Amino acid sequence: MRLNLNIFLSGMLLISALHVNAQQASYWLTKSDRSVLFAKQQGSLVFNKQESVKPTIIVNDKETFQSIDGFGFALTGGSAQHLLKMSAKARTALLKELFATNENDIGISYIRLTIGASDLNEKVFSYNDLPEGETDLEQDKFELGPDRVDVIPIMKEILAINPNIKIMSSPWSPPLWMKTTYDARGGMLKPEFYEAYAKYFVRYIKDMKTEGIPIDAVTIQNEPLHPGNNPSLLMVAPDQAIFIKNNLGPAFKKAGLATKIIIYDHNADRPDYPITVLNDPEARKYIDGSAFHLYGGKIEALTDVHEAHPDKNIYFTEQMVIEGAEDDKINIISPVKRLIIGASRNWSKTVLEWNLTSNSENKPFTDRGGCSMCQGAVTIDGDHVKRNVAYYSVAHAAKFVRPASVRIASNEPKDLSNVAFKTPDGKNVLIVANSAADSQAFSISFNGKLLNCTIGKGDVATYIW
């Protein structure tokens with residue numbers, strides 16, 4: 001009897017040990033019917049040797065792709081203004097929720113700033129505005145002025161929460177006196193002012209550093225093939241290459257700047273543009289990579305550029321994501337499938353959406369071409385905050401896929417779009433979007449063990465193990 005009892009106890013201890021050693025997964029869910037909005041689900045899922053529930057997502061951490069810099073939004077002047085209008089207590093709470101990683105914070109890890117005004121400012125400005133006919137070739141009159149009122153104070157609060165956040169900056173237009181037309185809309189950069197404009201970039205980076213705001217990267221021009229915005233500039237590919245190789249690259253080198261130079265920053269329908277610039281060997285040596293939006297073209301074009309120049313990085317830098325005020329459902333799968341998953345699976349180191357905050361009227365925006373429909377990740381009216389679809393789409397990646405994570409291989413069964421990552425602390429993250437007409441049962445396969453899951457129609461889940 002004692003022998004049988006010992007055998008029984010040994011068996012129980014073995015089962016207990018196997019259970020303890022089994023790899024467990026947690027997951028966060030957003031349901032399309034809004035009954036769950038980016039919430040951690042109770043209990044744990046356990047990987048074990050069991051029968052697969054088809055279809056199966058096979059995650060392979062032995063096959064790796066690009067490293068990740070981060071996920072986030074643009075901080076426009078308008079965004080900063082809405083935040084500054086909040087009470088200090090409410091603003092601090094919201095910024096911690098957005099940029100910290102504790103508990104229910106979403107951990108935004110990358111911010112895009114505008115060099116001068118964008119179309120989501122109250123009015124157009126540059127850092128060196130002069131009357132028509134005047135010039136300032138040495139940038140003696142350069143002044144961050146308007147940004148000192150809103151963007152800079154908010155960025156300092158963000159950096160106090162996350163001092164390691166990466167910052168990219170993009171111009172919508174150079175100062176008007178540098179352009180072929182003295183107008184914020186359209187026109188081109190005059191060749192005789194290429195050198196002055198390079199010095200303008202250098203001053204911006206140095207002055208922001210003096211404010212305690214390190215600029216990790218700049219793009220040359222936001223949407224260089226869209227001169228109808230206000231502000232905007234037409235800059236064709238050959239001109240961008242000339243500006244970089246003859247002026248901006250040498251200016252950065254002379255100033256000892258480590259800030260990355262990133263080209264294009266426009267839609268995926270023109271991969272020929274960045275390829276053309278990168279094909280110039282003298283320009284190419286100064287360039288870190290290419291940036292994309294997705295208002296046109298297919299996300300797979302990012303891979304076309306990667307394959308043409310595999311030693312240069314890919315960035316996804318802008319996409320407006322909106323939802324109706326009265327929507328009873330949340331179309332979470334669209335931005336997650338197209339951007340978070342799509343851009344990441346096509347070599348992008350970042351996924352940035354447009355933009356961080358708005359108010360309920362989507363103001364401010366410039367006249368003569370500003371965006372009147374651009375909704376923020378959060379809508380702010382006083383201290384009242386509404387979290388929109390852009391917030392939840394970025395949250396599903398930013399909180400878990402921390403900077404220096406690496407994308408790892410995963411197959412994509414029909415209607416189960418997904419992307420997988422290995423984080424710096426050795427965890428695995430799998431983001432799944434169900435675009436099928438019904439809920440789906442599926443398995444996650446990892447290192448010979450299976451995790452059986454179910455995901456509802458139109459739902460998005462992030463699994464961590």
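Conventions adopted
- Residues numbered from 1 in each chain as written.
- Predicted model: local features only at pLDDT ≥ 70, side-chain atom pairs only at ≥ 80, totals over all residues.
- Heavy atoms only, no water.
- UniProt positions renumbered as here; feature names shortened; annotations may be inferred.
- Helix = DSSP H or I, 4+ residues; strand = E, 2+ residues; numbered from the N terminus.
- Rg over C-alpha atoms; globule rule 2.2 N^0.38 Å.
- Buried < 20%, exposed > 50% of the residue type's maximum accessible area, 1.4 Å probe, protein only.
- Contact = heavy atoms within 4.5 Å.
- Areas by Shrake-Rupley, 256 points an atom, 1.4 Å probe, with all protein chains shown as cover.
- Pairing = 2+ DSSP bridges.
- Phe/Tyr/Trp six-rings, centres within 6.5 Å; stacked < 30°, edge-to-face > 60°.
- Right-handed = clockwise from strand over helix to strand, strands pointing away.
- pLDDT = per-residue confidence, 0-100.
- Core = buried A, V, L, I, M, F, W, Y, C linked by side-chain atoms within 4.5 Å.
- Domains from an automatic or database assignment.
- Buried area = accessible area lost by both parts, 1.4 Å probe.
- Salt bridge = Lys/Arg side-chain N within 4 Å of Asp/Glu carboxyl O.
- Polar contact = N/O pair within 3.5 Å; in protein donor to acceptor, adjacent residues only side chain to side chain.
- Nonpolar A, V, L, I, M, F, W, Y, C, P; charged D, E, K, R; others polar.
- Axes fitted to C-alpha atoms, helices over the stretch in contact; angles between N-to-C directions.

In the annotation of an unreviewed UniProt entry, the entry for the protein chain reads Glucosylceramidase, and the organism field reads Pedobacter hiemivivus. In its Sequence similarities (unreviewed entry) section, UniProt records this for the protein chain: "Belongs to the glycosyl hydrolase 30 family."

(A) Spotlight on the overall build of the protein chain. Scanning the protein chain for helices and strands turns up 12 helices and 21 strands. Against the compact-globule benchmark of 23 Å for 465 residues, the protein chain has a radius of gyration of 24 Å, which places it among compact chains. In terms of overall dimensions, the protein chain has C-alpha extents of about 105 × 50 × 40 Å along its principal axes. The proportion of buried residues among the 465 residues of the protein chain is 57%. Long-range contacts, defined here as pairs at least 24 residues apart, represent 72% of the contacts in the protein chain between residues at least 6 apart. Carbon together with sulfur atoms contributes 52% to the accessible area of the protein chain, which is approximately 18900 Å² in total.

(B) Region of interest: the sheet that holds strand β13 (residues 357-358). The mixed open sheet is built from three strands, whose spatial order is β13-β14-β15. The open sheet has two free edges, formed respectively by β13 and β15 (384-387), since each of these has just one partner strand. Taken together, the four bridges between strand β14 (residues 378-381) and β15 define a ladder with antiparallel strand orientation. Looking across to β15, one finds that Asp-381 is bridged to His-384.

(C) Summary view of the packing of aromatic side chains. The tally for this structure, following the rule as stated, stands at 25 aromatic pairs. Considering the side-chain rings of Trp-28 and Phe-38, the 4.8 Å spacing of their centres and the 35° angle between planes classify their relative orientation as tilted. One end of the pair, Trp-28, is in strand β1 (residues 24-30); the other, Phe-38, is in the loop between β1 and β2 (39-40), with 10 residues separating them in the sequence. According to the relative accessible area criterion, Trp-28 is buried, its value standing at 6%. Consider the rings of Tyr-127 and Phe-142, whose centres lie 5.4 Å apart with planes at 50°: the pair is tilted. Of this pair, Tyr-127 sits in the loop between β6 (110-115) and α4 (145-149) while Phe-142 sits in the loop between β6 and α4, placing them 15 residues apart in sequence.

(D) Region of interest: the pairing of strand β9 (residues 260-268). Of all nine residues in β9, eight are buried, a share of seventy percent or more. Bridge count between strand β8 (residues 217-219) and β9: three bridges; the pairing is parallel. Across the sheet, the residue bridging to Val-218 is Ile-261, located in β9. As for the winding sense of the linkage, the β-α-β connection from β8 through helix α7 (residues 237-255) to β9 is right-handed. The pairing of β9 with strand β10 (residues 289-297) spans six bridges and is classified as parallel. Residue pairing in the sheet places Ile-262 in a bridge with Gly-289 of β10.

(E) Fine view of the UniProt feature "domain: Glycosyl hydrolase family 30 beta sandwich" (unreviewed entry) in the protein chain. Sequence positions flagged by UniProt for "domain: Glycosyl hydrolase family 30 beta sandwich" (unreviewed entry) are, in local numbering, residues 405-456. Across residues 405-456 one finds 0% helix and 63% strand; the C-alpha atoms that close the span lie 28 Å apart.

(F) Structural detail: the confidence of the model for the protein chain. For the protein chain, per-residue confidence averages 94 on the pLDDT scale, and residues scoring 70 or more make up 95% of the total. A low-confidence stretch, residues 7-20 (pLDDT under 50), is modelled with one contact involving residues beyond four sequence positions or located in other chains.

(G) Spotlight on the nonpolar core. By size, the foremost hydrophobic cluster in this structure holds 109 residues, and its most contacted members are Phe-71, Leu-75, Leu-113, Met-155, Tyr-204 and Ile-431. The greatest single-element share of this core, amounting to 10 residues, is contributed by helix α6 (residues 194-210). If you count residues domain by domain, this core takes at least three from each of domain 1 (24-64 + 410-464) and domain 2 (70-402). Not counting residues up to four positions away in its chain, the partners in contact with Tyr-204 are Leu-113, Thr-114, Ile-115, Tyr-127, Phe-142, Leu-144, Ser-169 and Ile-215.

(H) How the structure looks around the side chain of Ser-232. Here Ser-232 shows up in the loop between β8 and α7. The class for Ser-232 is buried, based on a relative accessible area of 2%. Beyond its immediate sequence surroundings of up to four residues, Ser-232 is in contact with Trp-172, Ser-173, Lys-179, Ala-184, Arg-185, Gly-186, Gln-221, His-226 and Pro-227.

(I) Highlighting the domain arrangement of the protein chain. One can read the domain layout of the protein chain as domain 1 (24-64 + 410-464) and domain 2 (70-402). Using C-alpha coordinates to define each centre, domain 1 is positioned 32 Å away from domain 2. The partner domain 2 presents 25 residues to the 28 residues of domain 1 that form the contact. Across the interface of domain 1 and domain 2, roughly 2200 Å² is buried in total on both sides, 70% from carbon and sulfur atoms. Scanning the region where domain 1 abuts domain 2 turns up two salt bridges. A salt bridge links Arg-345 to Glu-412, with the nearest nitrogen and oxygen atoms 3.4 Å apart. In this structure, the connection of domain 1 to domain 2 is made through seven residue pairs in polar contact (both at pLDDT 80 or more). Listing elements by their share of the side of domain 1 that touches domain 2, those giving two or more residues are β1, β17 (416-422), β18 (428-434) and β21 (460-464). Partitioning the side of domain 1 that touches domain 2 into residue classes produces 13 nonpolar, 10 polar and five charged.

(J) Representation of the sheet that holds strand β12 (residues 348-353) within the structure. An order of β5-β6-β7-β8-β9-β10-β11-β12 is seen for the eight strands of this closed barrel, with the pairing classed as parallel. Averaged over neighbouring strand pairs, the angle between their axes works out to 30° when direction is ignored. Contacting β6, β7 (166-171) and β8, α6 runs over the sheet at an angle of about 130° to β6. Against the sheet, α7 contacts β8 and β9, and its axis sits at roughly 150° relative to β9.

(K) Structural detail: the pattern of salt bridges. Evaluation of the coordinates by the stated rule reveals 24 salt bridges. In this structure, Lys-422 and Asp-61 form a salt bridge, with 2.9 Å as the shortest nitrogen-oxygen distance. One end of the pair, Lys-422, is in strand β17; the other, Asp-61, is in strand β4 (residues 56-67), with 361 residues separating them in the sequence. Notably, a salt bridge pairs Glu-138 with Lys-199, separated by 2.8 Å at the nearest N-O pair. In this pair, Glu-138 sits in the loop between β6 and α4 while Lys-199 sits in helix α6, placing the two residues 61 residues apart along the sequence. Taking the relative accessible area as the measure of exposure, Lys-199 reaches 26% and is therefore partly exposed. Taken together, the salt bridges that share partners define one network made up of Glu-143, Arg-148, Lys-156 and Glu-211.

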